[in-house]
Amino acid sequence: MNRQQLLEHIQLTPVWDIVVIGGGATGLGIAVDAASRGYKTLLVEAHDFAKGTSSRATKLVHGGVRYLAQGNISLVYEALHERGRLRRNAPHLVRVMPHVVPAYRWFDLPFYGSGLLLYSLLAGRLGIGFSRIISRSEALKLAPTLQPKALKGGVVYYDGQFDDARLAITLMRTAMAHGATLVNHMPVVGLLHDQSRIAGVTVADSETQQRYDIRAKSVINATGVFVDAIRQLDNPQSKPLLAPSQGIHIVVDRSFLPGDHAVMIPKTADGRVLFALPWHDCVVIGTTDTPMPHADIEPRALDSEIEFVLSHTEKYLTRRPQPHEILSVFAGQRPLVKAGGDAGNTKALSRDHTIVFADSGLMTITGGKWTTYRHMAEDAVNQISKHSQLPVRPCVTTELRLHGWSTQPDVDHLQMYGSDAAAIRTIAASHDAWAAPIHPDLPYIGAEVIWAVRHELARTVEDVLARRTRALLINAPASIEAAATVAQLMASELGYDAAWEAAQVAAYTQIATGYIVPASA
Ligand SMILES: Cc1cc2nc3c(=O)[nH]c(=O)nc-3n(C[C@H](O)[C@H](O)[C@H](O)COP(=O)(O)OP(=O)(O)OC[C@H]3O[C@@H](n4cnc5c(N)ncnc54)[C@H](O)[C@@H]3O)c2cc1C
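Scoring rules and cut-offs
Residues numbered from 1 in each chain as written. Predicted model: local features only at pLDDT ≥ 70, side-chain atom pairs only at ≥ 80, totals over all residues. Heavy atoms only, no water. Axes fitted to C-alpha atoms, helices over the stretch in contact; angles between N-to-C directions. Helix = DSSP H or I, 4+ residues; strand = E, 2+ residues; numbered from the N terminus. Parallel < 35°, antiparallel > 145°, perpendicular 65-115°, else oblique. Contact = heavy atoms within 4.5 Å. Nonpolar A, V, L, I, M, F, W, Y, C, P; charged D, E, K, R; others polar. Buried < 20%, exposed > 50% of the residue type's maximum accessible area, 1.4 Å probe, protein only. Pairing = 2+ DSSP bridges. Near = heavy atom within 4 Å. Polar contact = N/O pair within 3.5 Å; in protein donor to acceptor, adjacent residues only side chain to side chain. Salt bridge = Lys/Arg side-chain N within 4 Å of Asp/Glu carboxyl O.

Visitor: Could you clarify how one ought to interpret the packing of helix H14 (residues 461-468) against helix H17 (residues 498-513) in this entry?
Guide: When two helices pack together, their arrangement is given by the angle between their axes and by how far apart the axes lie. Two elements in contact, H14 and H17, have axes whose closest approach is 8 Å; the angle formed by their N-to-C orientations is 40 degrees. The pairing of H14 with H17 is recorded here as oblique in orientation. In this structure, H14 contributes Val461, Glu462 and Leu465 to the contact, and H17 contributes Gln504, Tyr508 and Ile511. Within the contact of H14 with H17, the residues separate by chemical class into four nonpolar, one polar and one charged.

Set out below in structure tokens:
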């Protein structure tokens, strides 16, 4: 369905079983779960699918080595099993990524070695490889740019890696295939109540400013770091649940980490883990943990955070990236649940995600991680169906193949579209301009823009360059240069004029400039 058809469908549906607010990992996972159980499901997203934290992750499908160090075995166990399920259900989007953990003190070798062996074992039958202790020379062979000074050896272990925004788009397509309706650029601006019970939402179409009242038997607030704003709409007296914390990554070229192994630094100056990972022929390095005063949909990396990542890169890899070598810097915000807020009334505090029911019946779900989105969704739909007296239906997502499921090996970057890659190649073959790259320094071709508009609800140049393709993250300056070409391709598909193209290029340039590190940094 295109946007017009979706809007008509919304107006023709008198009442939904479940309305989900927010199209990140959490909301999209819930839409897949609810629709595949047969509930009449609508998801509305204020900006674009995965515009928030869900396109700004480290790109790991992981159990969380950090949680293991904290002794949170049950959380790691659950996440490792979800890692295995996701790999099975979306093999075109998740791949096995070997990691090298360097040891600069002799006693670190048995310490990391035994911890990571436990990590491998906890995955059980869904495991993806056993960890092993390696010599100094093997560590340098697998990760040639590791800092060699005082290096004693290392440990190799395995985790999954994925493309976060592509998984989000895949979940959107999967939910639609199971009968859900999903619309982006459609913020919730009000909530409907019947005698103080939640009864639906009011949304405003960002393209036309048209408002719609949508009635629902249940409403789920899955707006990530923005859950408190929705809770306020429900009850202005509600206490804030969250304190956002920011994490940033820099992206540099592969010469900083050649080979196919990631590097994991188990303990930075502030006691966190730091990753350097090959991703889409670049290297992603991060992250940080900076408390922020408020939630931001387009957060910016602080100078101090960039310096933190650069100084650790210099310490553990052989070279410090210069500002002009940073292809992109991106920031994302974690929803951390505050002690003493309304989480005290939490109905279910399941491992690391939080579910709270307001007196009106509004469900809020937040926390967790990308890796555990499926489990969170199962928990959320189990609880909302009970709470809203929907007919009980079992969850079917543990083995549900996601849209595009394919085990075809990598030929090129179109692999991330899975079984859709063939259709994109057909589009490319039908028109010279669609077969051409959108920029000489980017792998993407015009056919992907056409595909994104026709089949993935892309509405803006940013939707295409930031989340249907990953141009913004792999090379922000090149993505700005590609914006005019993308705008032209989109305008011809959507029937827009030159003024629309110019406005799109200006808006995109303004956003993408924030991903470029100034030469003076
Ligand atoms: C720096 C960092 C690195 C991470 N790395 C990893 C990793 O490697 N692996 C992993 O498993 N997890 C990782 N995570 C965690 C993971 O990214 C998050 O748990 C997940 O993305 C949260 O998804 P969400 O849907 O809850 O929130 P979001 O993705 O923020 O989605 C919320 C959505 O709600 C929308 N919204 C807000 N207000 C409204 C409204 N009024 N109406 C409609 N929609 C609205 C927003 O636009 C947004 O799209 C990382 C997190 C951070 C911060």
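Visitor: Any chance you could explain unusual backbone geometry here in plain terms?
Guide: Omega for the bond connecting Gly286 with Thr287 falls within 30 degrees of zero, at 25 degrees, which places this linkage in the cis form. Looking at the element boundaries, Thr287 is found in the loop between strand E14 (282-286) and strand E15 (290-291). Located in the positive-phi region is Lys59, a residue other than glycine, with phi close to 80 degrees. In this structure, Lys59 sits in the loop between strand E2 (41-44) and strand E3 (60-61). On the accessibility criterion, Lys59 (1% relative accessible area) is buried. In this structure, His185 takes a positive phi of about 50 degrees despite not being glycine. Among the secondary structure elements, His185 is positioned in the loop between strand E7 (181-183) and strand E8 (188-194).

Visitor: Sorry if this is basic, but what is going on with the pairing of strand E12 (residues 262-265) here?
Guide: The alternating pattern of E12 places Ala262 and Met264 and Val263 and Ile265 on opposite faces, both of which are buried. Relative to E12, strand E4 (residues 94-103) runs parallel, the two sharing two bridges. Counted as the bridge partner of Val100 is Val263 from E12. Alignment of E12 against strand E13 (residues 274-279), held across three bridges, turns out to be antiparallel. Of the residues in E13, the one forming a bridge with Ile265 is Leu274.

Visitor: Any chance you could explain helix H13 (residues 446-455) here in plain terms?
Guide: Every α-helix carries 3.6 residues per turn, so stepping three or four residues along brings you back to the same face. Of all 10 residues making up H13, eight are buried, and the element is well covered by its neighbours. Residues Gly446, Ala447, Glu448, Val449, Ile450, Trp451, Ala452 and Val453 constitute the buried set of H13. For H13, the elements touching its buried residues are helix H7 (164-177), helix H11 (421-429), helix H12 (432-435), H14 and helix H16 (476-494).

Visitor: I keep staring at the site of the ligand and nothing clicks. Help me out?
Guide: What surrounds the ligand is a group of 37 residues, the closest being Thr26, Glu45, Ser54, Leu60 and Thr371. One of the backbone nitrogen or oxygen atoms of Ala46 is found 3.0 Å away from a nitrogen atom of the ligand. Secondary-structure elements contributing two or more residues to the shell around the ligand are helix H2 (25-36), strand E11 (242-253) and strand E16 (328-337).

Visitor: Would you mind going over the pattern of salt bridges with me for this structure?
Guide: Where charged atoms from two side chains of opposite charge approach closely, those side chains can pair. One pass over the full model with this rule turns up 35 salt bridges. The salt bridge involving Arg272 is made with Asp289; its shortest N-O contact spans 3.0 Å. Here Asp289 lies in the loop between E14 and E15 and Arg272 lies in the loop between E12 and E13, a separation of 17 residues in the sequence. Judged by its relative accessible area of 31%, Asp289 falls in the partly exposed class. For Glu493, the salt bridge goes to Arg454, with nearest N and O atoms at 2.9 Å. On the criterion of sequence distance, the pair formed by Glu493 in helix H16 and Arg454 in helix H13 is long-range, its members being 39 residues apart. Residues joined by salt bridges that share partners form a network here, namely Asp48, Lys51, Arg56, Glu298, Arg300, Glu462, Asp463, Arg467 and Arg468.

The values reported here are purely geometric and, on their own, carry no functional implication.
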